[in-house]
Amino acid sequence: MAKIKHNNFLDTVNEVFTDAKQEGVLHLYAEGESFNGRTIGVKNRSLFHFGTTGYLGLEQDIRLKKAAIDAIRKYGTQFPLSKSYISNPLYRKLEEKVTEMYGHPIIITKNSTLGHLGVIPSAVKDQDAIILDHQVHWSVQSAAKILKNRSVPIDMVRHNDLNMLEDKIKRYSNQRKKIWYMADGIYSMYGDFAPLSDLMTLSQKYPQLNFYFDDVHGMSWIGKNGTGYVLSELGELSENILLFGTLSKTFGASGAVLVCSNKKMYHEIKTFGGPLTFSAQLEPASIAAATASADIHLSPEIYILQQELRERVAYFNELLQQTDLPLIDKNISPVFYIGTGMPKTGYNFVNRLMNEGFYVNLGIFPAVPVKNTGVRITISRHNQQEEIKELVAAMEYHFPKALKDTHTNTERVFHAFKLEPKEKDEPLKTSLKTELKIRLKDSIEKIDKQLWNSLLGKHGVFDWEGLKFLEESFSGNSQIEHNWEYRYLIIYDQEQKPILATFMTVGLWKDDMLAAVGASQTIEEERKNNPYYLTSKVLSLGSLFTEGEHLYLDYAHLYKQEALNLLMQSLEKLEHSLKAKMIVLRDFSENQTLHDYFQGQGFVRVSMPDSCAINLVPHENFISFLTKLSARNRKHLRKEILNIEPLLNINILHNCSKDQLAQIESLYSNVHQNNLGLNTFSFPSKLFENMSKNSNWEFIVLSTKESPNKIIGVMLCYKNSHKTYIPAFVGLDYDSLKEFHVYRQLLYQTIKRAFELDYDHISFGLTASFEKRKLGASVHNIYAYLQSADNYTLELMGILESS
């Protein structure tokens, strides 16, 4: 199996965050000698604060401050003992008051992240299953993944997708004792809600269904005693629900709270809950401030505070409805999200608002999909009507300017969020001085052969003849994954000089194509019953058959930026019209200019397997080429290739017999099935038949002297119009692999054949770089860029890979 270099999720996050940090919108430091909640000091300026999660403003309440100061004077800055031994004297009073708020047993935790880490492994038993909403908070997902070590199945559904959830429940209902669905009450980015009423109906249908709700963003500003959104909707907490609230954020202090009406489960969690047992307890100041806040929550004052916030939220909603700003979810929560689509538009918009005197948060990957970047605005009691009105006016003024600065429009933003624009924009145009022309065709036969080959025909199976072959092979097949649509794009300047060219395919891909082998193994088990499980229609530069530089760009051209912008617009239109779920740009070597551009357009970079190639020196013969190998590699060559070669029949085949084609296809299938690290659909039988008939294709086949009619290895090779030899795919008999070093022999014979044909270049493509390097190939890092409608697939792969 080829060793695949899988992308680390944290590497991707680091790239996105680094980009945002460089744009001055992330990892900032607040400034000033004091803080009042209404304004915040940033970059030597005082800005109106629209980024807090202290919605009721209790963190500035004089009673909480006084209680915290008194506690420090009496008990010190901390109480350095585990609660399992003894609790700070202030704890008892806090627990009593929070219990009174909820009317159910509670457990105070240091924070919600440690709380989840303590509660979930205790509450979920080995006989249970977990289903996560894909937008549930990271801290819940992280805690759930721990249970993989205990073989608890962990699955995921798209955000608030009840049909998908019910399908998962049915799947586990006969296998598992309890099925836990984990979700947020209020989601932290868009401010939207969990569909609680529908979920309760589902639990009546499936008694095994239990719920784990993280309601930290619903706390205090709604509900009886400020106990949050979930309880405000449910009224009562049944025994199949675990509820997490917070003592920080809008509660104004620090810590978190688990509410559990199941007495047996409550006792188990409280007695021993991992981090709940071993972590430090809350500081005296935090306990005292939380107790003071609990007093407010238990008094009629909490409803006055809630009403004051509701008025501000309603006012902000009213003003937003008078604009064309893309508010992603209109609701009653104090969390608002204005979509910008591309990250670079988000950076521009946030900086513009800060320059106008308003601090807001950037919503960015992985909290949201990269193409769903936007501005998160929170309303608190600190905000007054005058600055709320000024903020809306500033957003209305600067939003179109941010779009213009970043070469996009509202239609593209609304499309990214699957919303209908309030008004349709004029199509994006380049200026008259830089007017560019787009030529988009659906067949290579509609493109001039000489022109295409001069732009993109040099190093891959995507010269003009190669693409004609692909069109014939991947159409008219019985299985949907074997039928692709093609688009060919060339962008010209006014003098008809090409600036950019590429080709695209639309086809069905496996979502786990680049996932770790373990994830693909799990998914393939499901595909035995559901062959199209976790598959998506993908619009891709290039195709699943081709490898190499699928994008021609004249980097010296004055209008290359405009050409790239037109490429992005064309891709988005095709994605919409062809109903694709993802756009993939591949294969790119290290190129900082393109990387910055693609990331700014909402693409995530992932590592592909290394690419390998050999440039053949003019007038050099095969023997002199081999002498350049290192002493160690020449030793391997003699022992594992040259000593074996006399034992083999080596033939170059064209126009194969039916038996030969059947063997070739079977050997290819062996490799395909064994290479889950690059997990794709197989190819149609027609492909191999077309190769046999096509003069540009040939098969290097190996058989033993003892069994000359049995093929033990085959290299499927394409002869490119620019004298590039492309060993595109390999087929192996694994029973013969070690004895005859079949793969190494095929690589050697490929190089030998390229010399015989007097070719200039060998494009070995992706994977197995270690073996290819030993025979003189150079190795290059290759990347793809992905843009998806949501993070569901990425997060599901992360869960499956954690096992």
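None of these values were measured; they are calculated from a predicted model. (Residues numbered from 1 in each chain as written. Predicted model: local features only at pLDDT ≥ 70, side-chain atom pairs only at ≥ 80, totals over all residues. Heavy atoms only, no water.)

Observations concerning unusual backbone geometry
The criterion, for reference: Secondary structure counts use DSSP, requiring at least four H or I residues in a row for a helix and at least two E residues in a row for a strand, with both numbered from the N terminus. Type-normalised accessible area, obtained with a 1.4 Å probe on protein chains alone, sets the label of each residue: buried when under 20%, exposed when over 50%, and partly exposed for intermediate values.
Residue Pro366 is bonded to the preceding Phe365 through a cis peptide linkage, with omega at 10 degrees. Mapping Pro366 onto the fold places it in the loop between β12 (361-363) and β13 (373-378). Looking along the chain, the bond that leaves Arg586 and enters Asp587 is cis, with omega of -5 degrees. For Asp587, the position within the fold is in strand β19 (residues 582-588). For Lys43, which is not glycine, the phi dihedral falls at a positive 55 degrees. Structurally, Lys43 is set in the loop between β1 (39-42) and β2 (45-49). With relative accessibility at 43%, the residue Lys43 sits in the partly exposed group. A positive phi angle, near 45 degrees, is found at Asn655, a position not held by glycine.

Looking at the packing of aromatic side chains
Threshold: Two aromatic rings from Phe, Tyr or Trp, using only the six-membered ring of Trp, form a pair when their centres are within 6.5 Å; if the ring planes differ by under 30 degrees the pair is stacked, by over 60 it is edge-to-face, and anything between is tilted. Working rule: Lys NZ or Arg CZ, within 6 Å of ring centre, within 35 degrees of ring normal, means a charge sits over the ring.
Evaluated as defined, the whole model comprises 36 aromatic pairs. Taken together, the ring pairs connect Phe469, Phe474, Trp484, Phe545, Tyr668, Phe683, Phe688, Trp697, Tyr718 and Phe729 into an aromatic cluster. Above the ring of Phe681, the side-chain terminus of Lys510 is found at 5.1 Å from the ring centroid.

Concerning the pairing of β1
Put simply, the rule is: Strand pairing requires that DSSP identify at least two bridges connecting the strands.
The pairing of β1 with β2 spans 4 bridges and is classified as antiparallel. Along β2, the bridge assignment pairs Thr39 with Phe48. With antiparallel pairing between neighbouring strands as the criterion, β1 and β2 make up a hairpin whose turn holds 2 residues, including Lys43 at a positive phi of roughly 55 degrees.

Some thoughts on the side chain of Glu166
Formally: Polar contacts, as used here, are pairs of N or O atoms within 3.5 Å; protein pairs need one atom able to donate a hydrogen and one able to accept it. Residues neighboring in sequence count only if both atoms are side-chain atoms. We call two residues contacting when some pair of their heavy atoms lies within 4.5 Å.
Mapping Glu166 onto the fold places it in helix α6 (residues 162-173). Side-chain polar atoms of Glu166 contact the side chain of Lys205, separated by 2.6 Å. If we ignore the near neighbours within four places in the chain, the residues touching Glu166 are Leu202, Lys205 and Tyr206.

Concerning the environment of Tyr785
By the element assignment, Tyr785 lies in strand β26 (residues 778-788). Residue classification places Tyr785 among the buried residues on the basis of a relative accessible area of 2%. Ignoring any residue separated from it by four or fewer positions in sequence, one finds Tyr785 in contact with Ile583, Val584, Leu585, Phe588, His595, Phe598, Phe603, Val604 and Arg605.

Some points on the packing of helix α13 (residues 343-355) against helix α14 (residues 385-405)
Here is the rule we go by: Orientation is described by axes fitted as lines to C-alpha atoms, over the contacting stretch for helices, and by angles from 0 to 180 degrees between their N-to-C directions. In this scheme, a crossing is called left-handed if the near helix is turned counterclockwise away from the far one by less than a right angle; it is called right-handed if the turn is clockwise. Residue type decides the class: Asp, Glu, Lys and Arg count as charged, Ala, Val, Leu, Ile, Met, Phe, Trp, Tyr, Cys and Pro as nonpolar, and the leftover types, Gly among them, as polar.
In contact at an axis separation of 9 Å, α13 and α14 are set at 145 degrees when each is read in the N-to-C sense. The handedness of the crossing between α13 and α14 comes out as right-handed. From α13, Thr345, Asn348, Phe349, Arg352 and Leu353 reach across to α14, where they touch Ala394, Met395, His398, Phe399, Lys401, Ala402, Leu403 and Asp405. When its residues are assigned to classes, the contact of α13 with α14 shows 7 nonpolar, 3 polar and 3 charged.

Quick notes on the nonpolar core
Short version of the rule: Each nonpolar core is a collection of buried residues, namely Ala, Val, Leu, Ile, Met, Phe, Trp, Tyr and Cys, held together in the definition by side-chain atoms within 4.5 Å.
Ranked by size, the top nonpolar core spans 112 residues in total, and within it Tyr102, Phe213, Phe316, Ile377 and Met395 carry the most contacts. Beyond its immediate chain neighbours, meaning those up to four positions away, Phe316 contacts Phe336, Ile377, Ile379, Ile388, Leu391, Val392 and Met395. Leu470, Trp697, Ile711 and Tyr718 belong to the second largest nonpolar core, which has 53 residues in total.

Quick notes on the pairing of strand β9 (residues 256-260)
Extensive coverage of β9 is indicated by the burial of 5 of its 5 residues. By the alternation rule, side chains of β9 split into Ala256, Leu258 and Cys260 and Val257 and Val259, which are all buried. Of the strand pairs in this sheet, strand β8 (residues 241-246) and β9 are connected by 5 bridges, and their pairing is antiparallel. In the sheet register, Leu243 faces β9, and the bridge partner there is Val259.

Considerations on the packing of helix α16 (residues 449-456) against helix α17 (residues 464-473)
When two helices pack together, their arrangement is given by the angle between the helix axes and by the axis-to-axis distance. The criterion, for reference: Under this scheme an angle from 65 to 115 degrees is roughly perpendicular, one under 35 degrees roughly parallel, and one over 145 degrees roughly antiparallel; angles in between are oblique.
In contact at an axis separation of 9 Å, α16 and α17 are set at 105 degrees when each is read in the N-to-C sense. On the basis of the axis angle, α16 is roughly perpendicular to α17. Across the interface between the two elements, Lys449, Trp452 and Asn453 from α16 touch Trp464, Glu465 and Leu467 from α17. Among the residues forming the contact of α16 with α17, the class breakdown is 3 nonpolar, 1 polar and 2 charged.

Points about the pattern of salt bridges
Cut-off, in case you're wondering: A carboxyl oxygen of Asp or Glu within 4 Å of a side-chain nitrogen of Lys or Arg is what we treat as a salt bridge.
In the structure shown here, the tally under the stated rule is 41 salt bridges. Notably, a salt bridge pairs Arg527 with Asp512, separated by 2.6 Å at the nearest N-O pair. Here the residue Arg527 occupies a position in helix α18 (residues 517-527), and Asp512 occupies one in the loop between β16 (498-510) and α18, the gap between them amounting to 15 residues. Under the relative-accessibility criterion, Arg527 is labelled buried at 6%. A relative accessible area of 0% means that Asp512 is categorised as buried. With a shortest N-O distance of 3.8 Å, Lys723 and Asp758 are connected by a salt bridge. Of this pair, Lys723 sits in the loop between β23 (711-719) and β24 (724-732) while Asp758 sits in the loop between α26 (742-756) and β25 (761-766), placing them 35 residues apart in sequence.

A few points about the environment of Met715
By the element assignment, Met715 lies in strand β23. For the pair Met715 and Leu247, spaced 468 residues apart in sequence, the C-alpha separation works out to 64 Å. Leave out the neighbours within four places in its chain, and Met715 touches Glu698, Phe699, Ile700, Pro727, Phe729, Val730, Leu746, Leu747 and Thr750.

Quick look at helix α20 (residues 592-600)
Inspection of α20 places Leu594, His595, Tyr597, Phe598, Gln599 and Gly600 among the buried residues, and these make up the whole buried set. Between the side-chain oxygen at the start of α20 and the backbone nitrogen of Thr593 there is a gap of 3.2 Å, and the oxygen is on Asn591.

Topic: the state of the cysteines
We apply this condition: Note on terminology: disulfide denotes any pair of cysteine sulfur atoms within 2.5 Å.
Counted under the stated rule, the structure contains 0 disulfides. With no disulfide of its own, Cys612 lies closest to Cys717 among cysteine sulfurs, the gap being 15 Å.

Details of the environment of Ala67
The topology assignment puts Ala67 in helix α2 (residues 62-75). As a C-alpha pair, Ala67 and Ile287 span 220 residues in sequence and 8.9 Å in three-dimensional space. Dropping the residues within four chain positions of it, Ala67 is found in contact with Ala288, Ala289 and Ala292.

Details of the sheet that holds β13
If you trace the 3 strands from one edge of the open sheet to the other, you get β10-β13-β12, paired in antiparallel fashion. Two strands lie at the open edges of the sheet, namely β10 (335-341) and β12, each paired on one side alone. Each strand axis lies, on average, 30 degrees off the axis of its neighbour in the sheet, ignoring direction. Here β12 pairs with β13 via 3 bridges, running antiparallel. Each bridged residue has a counterpart across the sheet, and for Asn361 the counterpart in β13 is Arg376. Along the sheet face, helix α12 (residues 301-321) touches β10 and β13 and points at about 30 degrees away from the line of β10.

A word on a nonpolar patch on the surface
Operational definition: Residues with no salt bridge and a relative accessible area higher than 30% make up the patches, which join like charges within 9 Å and nonpolar side chains (Val, Leu, Ile, Met, Phe, Trp, Tyr) within 5 Å. The Shrake-Rupley method, run with a 1.4 Å probe, gives the accessible areas here. Residue values count only the displayed protein chains as cover.
Taken together, the side chains of Leu81, Tyr85 and Ile86 define a hydrophobic patch exposed on the protein surface, amounting to about 360 Å² of accessible area. If you trace the backbone, Ile86 turns up in the loop between α2 and α3 (91-102).

Side note on a positive patch on the surface
Threshold: In summary, the charge assignment counts Lys and Arg as positive and Asp and Glu as negative, without counting His or the chain termini. By convention, the charge on Lys lies at NZ, on Arg at CZ, on Asp at CG and on Glu at CD.
On the surface, Arg632, Arg634, Lys635, Arg638 and Lys639 cluster together to form a positively charged patch. For Lys635, the location among the structural elements is in helix α22 (residues 631-642). Take Lys635: its relative accessible area is 55%, and that puts it in the exposed class.

A word on the sheet that holds strand β6 (residues 179-184)
The strand order across the open sheet formed by 7 strands is β3-β9-β8-β7-β6-β4-β5, and the pairing between neighbours is mixed. With partners counted over all chains shown, the strands left at the sheet margins are β3 (106-109) and β5 (154-157), one partner each. Strand-to-strand, the axes of this sheet are offset by a mean angle of 20 degrees, without reference to chain direction. The strands touched by α6 within the sheet are β4 (129-133), β5, β6 and β7 (209-214), with β5 carrying the most contacts at an inclination of about 155 degrees. Against the sheet, helix α7 (residues 196-205) contacts β6, β7 and β8, and its axis sits at roughly 155 degrees relative to β7.

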